Amino acid sequence: MHTLDDLLATGVAGRTVLVRADLNVPLDGDVITDDGRIRACLPTVRALIAGGAKVVVTAHLGRPKGAPEPKYSLAPAAARMAELLETDIPLAKDFVGPSAAETVAALGNGQVAILENVRFDARETSKDAAERGALADDLVAVVGSDAAFVSDGFGVVHRKQASVYEIAQRLPHYAGYLVSTETAVLKKLTVDPDRPYAVILGGSKVSDKLGVITALLPQVDKLLIGGGMAFTFLAAQGFGVGSSLLQEDQIQTCKDLLAHAGDKIVLPTDVVVADAFSADAAVKTVGVDGIEDGWMGLDIGPSSAANFAEVVSGAATVFWNGPMGVFELAPFAAGTKAVAEAIAASPSFSVVGGGDSAAAVRTLCVDEAGFTHISTGGGASLEYLEGKELPGIAVLED
Ligand SMILES: Nc1ncnc2c1ncn2[C@@H]1O[C@H](COP(=O)(O)OP(=O)(O)O)[C@@H](O)[C@H]1O
Ligand SMILES: O=C(OP(=O)(O)O)[C@H](O)COP(=O)(O)O
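Residues numbered from 1 in each chain as written. Chains lettered and ligands numbered in written order. Predicted model: local features only at pLDDT ≥ 70, side-chain atom pairs only at ≥ 80, totals over all residues. Heavy atoms only, no water.

The test is simple: UniProt positions are given in the numbering used here, feature names are shortened, and annotations may be inferred rather than shown by experiment.
Under an unreviewed UniProt entry, the protein chain has the name Phosphoglycerate kinase and belongs to Nakamurella multipartita. Quoted verbatim from the Sequence similarities (unreviewed entry) field of the UniProt record, the comment on the protein chain reads "Belongs to the phosphoglycerate kinase family." Its UniProt record gives the protein chain a comment under Subunit (unreviewed entry), which states: "Monomer."

See the structure below:
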């Protein structure tokens, strides 16, 4: 696999370099609540600026439905990157149309531009390879066929999408510094990790991440499940889950996993429930057998948090993805904070991955130095650990 250093060695002054970054940052309105993913791509962008390249950044934000939606604009991310780099960064209003072409044509050596959210084009995430290829062709037309492609959006390398995969088939391609660093650290978790090895899963991308569990179970000693992930398991155990996040079509899978896992899978025993998804909602802590209709579980309860913290404290290797609750709202942040603090306090080899999980560590003021590595990728890290081929990495090997 060729790396950014290989590209820099060829001399990039005056060459257009397309960088796929993951700028999918958490927002409160148009205010970025954690800019970790923007900071994470700066070493690559800075190196290209220093080399005199014309840097064109492409990225996604959220999951728009294949058409422009103002709330998913990359404008806040572009403004923040400009602030951090202390330079002007124009944001092209479209991805492959005239505004993109004009913005790229106006770039001088060592300047940076960002293209608007690539997921505003439905072809980016299409299941049809020909559609994705057509989008990648349009993108090549914007940056020029003599441009180079640098893959630096580690958080999205598990997606076979046009700006991650098909584009690399059309331009000389290189792994950026973030992709190189992330894969080097995660590799250590796949090669004979120190035991006991605990994985903690939570968050809200339940259907994406349930699939990973089957592959991870044989590798780990304990699998702790909190966040929105927990309720499909609790339903599989026969508990009512009210209006909590539930993946009904996966209940049988969870039953099978519980039947085969022995005592490896650890579930919450109590949960914080609310009568609405709001910081002002009525809130109470109940046992997992006490979730009434009309109530939703938005955090693990204090007994569960203490139990999870104890398991974490005894582990030599820890990987965590997915908050234990809706940590963005104060009444539901305690479980995530307790687990994060337990990991940070333990001397284990510890990795936390995912845009929101990493944001939780920082916004809840947990000691970042207590983690061996804070990864920008949640789903990407999990699929890497699972041993799955990641399309955005595999395509760089060709
Ligand atoms: N019980 C829950 N119900 C609904 N959402 C939840 C629950 N627990 C956690 N979440 C939400 O999960 C989101 C993060 O999930 P995910 O994207 O899977 O994590 P990451 O970005 O770290 O990979 C957070 O915004 C959080 O509010
Ligand atoms: O936030 C992301 O992944 P993560 O929540 O698994 O860390 C990435 O930007 C990928 O986004 P996607 O899961 O909408 O493809």
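## Details of the UniProt feature "binding site: (2R)-3-phosphoglycerate" (unreviewed entry) in the protein chain
This is how it is decided: Contacts are residue-level and defined by heavy atoms, with any inter-residue pair within 4.5 Å sufficient. N or O atoms within 3.5 Å of each other form a polar contact, as long as, within protein, one can give a hydrogen and the other can take it, and as long as residues adjacent in sequence are counted only when both atoms are side-chain atoms. Helix and strand definitions here come from DSSP, where helices need a minimum of 4 consecutive H or I residues and strands a minimum of 2 consecutive E residues; each element is numbered from the N-terminal end.
The UniProt feature table records "binding site: (2R)-3-phosphoglycerate" (unreviewed entry) at Arg37, Arg119 and Arg159. What Arg119 contacts, discounting residues up to four positions off in sequence, is His60, Gly62, Arg63, Pro64, Gly66, Ala67, Glu124, Thr125, Val156, Arg159 and Gln161. Here Gly62 takes part through its backbone oxygen, which lies 3.0 Å from a polar atom of the side chain of Arg119. Positionally, Arg159 belongs in the loop between β7 (148-151) and β8 (173-175). With near-sequence residues (within four places) excluded, Arg159 lies in contact with Arg63, Arg119, Val164, Asp208 and Pro391.

## Brief notes about the site of ligand 2
This is how the line gets drawn: Residue proximity to a molecule or strand is established when one non-hydrogen atom of the residue lies within 4 Å of it. Method for areas: the Shrake-Rupley scheme with a 1.4 Å probe, in which residue coverage is limited to the protein chains shown. Ten residue types, Ala, Val, Leu, Ile, Met, Phe, Trp, Tyr, Cys and Pro, are classed as nonpolar, four, Asp, Glu, Lys and Arg, as charged, and the remainder, Gly among them, as polar. Domain segmentation is taken from an automatic or database assignment of domains.
The environment of ligand 2 is formed by 14 residues, the closest being Arg63, Arg119, Arg159, Lys205 and Gly379. If ligand 2 stood free it would expose 390 Å²; the protein chains cover 95% of that surface. Of the residues contributing to the shell around ligand 2, the split by class is no nonpolar, seven polar and seven charged. Here the shell around ligand 2 spans two domains, and each of domain 1 (4-177) and domain 2 (185-386) adds at least three residues to it.

## Observations regarding the sheet that holds strand β14 (residues 296-300)
To be explicit about the condition: Strand pairing is defined by DSSP finding a minimum of two bridges between the two strands. Under this scheme, a helix contributes an axis fitted over its contacting stretch, all axes are lines through C-alpha atoms, and angles between N-to-C directions fall in the 0 to 180 degree range.
Pairing is antiparallel across the open sheet formed by three strands, whose spatial order is β13-β12-β14. Among the strands making up the open sheet, the edge pair consists of β13 (283-287) and β14. Along the sheet, successive strands turn relative to each other by an average axial angle of 40°, direction set aside. Relative to β14, strand β12 (residues 270-274) runs antiparallel, the two being bridged by four bridges.

## Section: the nonpolar core
As a reminder of what qualifies: By nonpolar core is meant a set of buried Ala, Val, Leu, Ile, Met, Phe, Trp, Tyr and Cys residues that side-chain atoms within 4.5 Å join together. For each residue, the accessible area found with a 1.4 Å probe, counting protein chains only, is set against the maximum for its type, and the residue is called buried under 20%, exposed over 50%, and partly exposed in between.
Counting 73 residues, the largest nonpolar core has Ile213, Leu223, Ile225, Phe233, Ile265 and Phe319 as its most contacted members. Top contributing element to this core by residue count: helix α9 (residues 230-236), with six residues. Dropping the residues within four chain positions of it, Phe233 is found in contact with Leu210, Ile213, Ile225, Cys254, Leu257, Leu258, Ile265 and Leu267. Of all hydrophobic cores here, the second largest spans 35 residues; its members include Ala59, Leu74, Ala77 and Ala78.

## Structural notes on the pairing of β7
Of the two faces of β7, the one carrying Ala148 and Val150 and the one carrying Phe149 and Ser151 are both buried. Relative to β7, strand β1 (residues 16-20) runs parallel, the two being bridged by four bridges. By the bridge assignment for β7, Val17 is matched with Ala148. In terms of strand pairing, β7 meets β8 through three bridges, oriented parallel.

## A closer look at helix α3 (residues 42-50)
The complete set of buried residues in α3 reads Leu42, Thr44, Val45, Ala47 and Leu48. Phi turns positive one or two residues past the end of α3, at Gly52, with a value near 85°.

## Description of the pattern of salt bridges
For clarity, the threshold we go by: Between Lys or Arg on one side and Asp or Glu on the other, a salt bridge is scored when a side-chain nitrogen of the former is within 4 Å of a carboxyl oxygen of the latter.
By the definition in use, this model includes 16 salt bridges. Lys388 is the salt-bridge partner of Glu383, the closest N and O atoms lying 3.8 Å from each other. Look at Lys388 and you get partly exposed, because its relative accessible area is 44%. Each of Asp35, Arg39, Arg80 and Glu83 takes part in a single network of salt bridges with overlapping partners.

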